[in-house]
Amino acid sequence: MKHILIPVDFSDQSWNTALCAFNLHKSAGVRFYIFFSEQHDYATGEATVICEHPAQQLSSWVKKLEKLKGSGQVIIPLKWESDFISDMRGAVADNHIDLIVMSTSYPNIFCDVLKGSHVREVITRLKCPVLIVPREFQCKNPKQVVLITDYNFNHRAEPTSVINNFIKRTSAHLNILQLSKTGNALSETQQTNKTFLQTSFHDIPHSFHFVMERTMDEALQFFVDVQQVDLVVLFAKNINLSENVLFSPALSEEKDYHKNIPFLIVHE
């Protein structure tokens, strides 16, 4: 991945997300696009808090990030002028974006109150890989990555190559996890799709797993705990898994992977 788009709102969470993007992409030739994504009230007065103008904040962030970038890397500021999704779509197309890295301050990125959230809109309306960094994530290089699937749709080379490249760059181990309520016996179509994944990931460290007789969110939480998973990968096309795994009403406050596990959403 050479072109990384990072929407920011100048919050601490947004800064942490930018640091994670830089930490995960240290090779030369990477271009980071810092995208100002939210209008701030910067009016001044005796009874108001004096805030820096958004353009000045963007410039200030770029200067600070310049000190952290690697050799041969470039940072480019982009400013939102109108509709967020329209401008994001334009930024992705014009700059050949390979990955969007976004933050969320919410424990559940798909809960009902977030129907108008930027994260939700980006995932559902832009066909570009998205890395979602949760509010409690402590940035680190992932060692255990899990791809969740039910083998119910035909995979393609492009999204699996995105996963392949991510695993190679981070030197992580890829776990392919089937979430099953009754058993792990596969239909002929499912077996064909699983074989495609086996072939696609043949040259990276990987293993296949399944968890039975649990709800999907509980099964994923169980696997995250047992395998000490650092990051979850999900195909955006798999609507059934998206709804069951990204919606999480059943998990307790103490254990909820939404709070501290990043999600990489890959589009077909």
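Report follows, based on the coordinates. On a predicted model such as this, the values are computed, not experimentally measured, just so you know.

**Considering the pattern of salt bridges**
Side chains that differ in sign of charge can pair as their charged atoms come close. Under the definition given, this model contains four salt bridges. Between Lys69 and Glu66 there is a salt bridge, with the nearest N and O atoms lying 2.7 Å from each other. Accessibility expressed as a relative area gives 30% for Lys69, which makes it partly exposed. Residue Glu66 is classed as partly exposed on the basis of its relative accessible area, which comes to 30%. Of the charged contacts, one joins Lys168 and Asp203 as a salt bridge, the two residues approaching to 3.1 Å between their closest N and O atoms. Residue Lys168 is found in helix α5 (residues 157-170), and its partner Asp203 is found in the loop between α6 (188-200) and β8 (206-212); the two are separated by 35 residues along the sequence. The class of Lys168 is partly exposed, set by a relative accessible area of 45%. Overall, Asp203 belongs to the partly exposed group, its relative accessible area being 43%.

**A short note on the sheet that holds strand β3 (residues 74-79)**
Read across the open sheet, the ten strands follow the order β3-β2-β1-β4-β5-β10-β9-β6-β7-β8; overall the sheet is mixed. Each of the sheet's edge strands pairs with one partner strand only, and the pair in question is β3 and β8. Strand-to-strand twist of the sheet, defined as the mean angle between neighbouring strand axes without regard to direction, takes the value 25°. Sheet topology places strand β9 (residues 231-235) next to strand β10 (residues 263-266); four bridges connect them, and they run parallel. When the bridges of β10 are listed, Phe235 appears paired with Val266. Contacts from helix α1 (residues 12-24) reach β1 (3-8), β2 (31-36), β3, β4 (99-103) and β5 (130-133) within the one sheet, and its direction differs from that of β4 by about 145°. Against the sheet, helix α7 (residues 216-227) makes contact with β6 (144-149), β7 (173-180), β8, β9 and β10, and its axis sits at roughly 150° relative to β7, the strand it touches most.

**What to know about unusual backbone geometry**
One non-glycine residue, His96, lies in the positive phi region at around 55°. Within the element layout of this structure, His96 appears in the loop between α3 (84-94) and β4. Although it is not a glycine, Ser171 sits at a positive phi angle of roughly 60°. Within the secondary structure, Ser171 is located in the loop between α5 and β7.

What counts, and where the lines are drawn
Residues numbered from 1 in each chain as written. Predicted model: local features only at pLDDT ≥ 70, side-chain atom pairs only at ≥ 80, totals over all residues. Heavy atoms only, no water. Salt bridge = Lys/Arg side-chain N within 4 Å of Asp/Glu carboxyl O. Buried < 20%, exposed > 50% of the residue type's maximum accessible area, 1.4 Å probe, protein only. Helix = DSSP H or I, 4+ residues; strand = E, 2+ residues; numbered from the N terminus. Pairing = 2+ DSSP bridges. Axes fitted to C-alpha atoms, helices over the stretch in contact; angles between N-to-C directions. Contact = heavy atoms within 4.5 Å.

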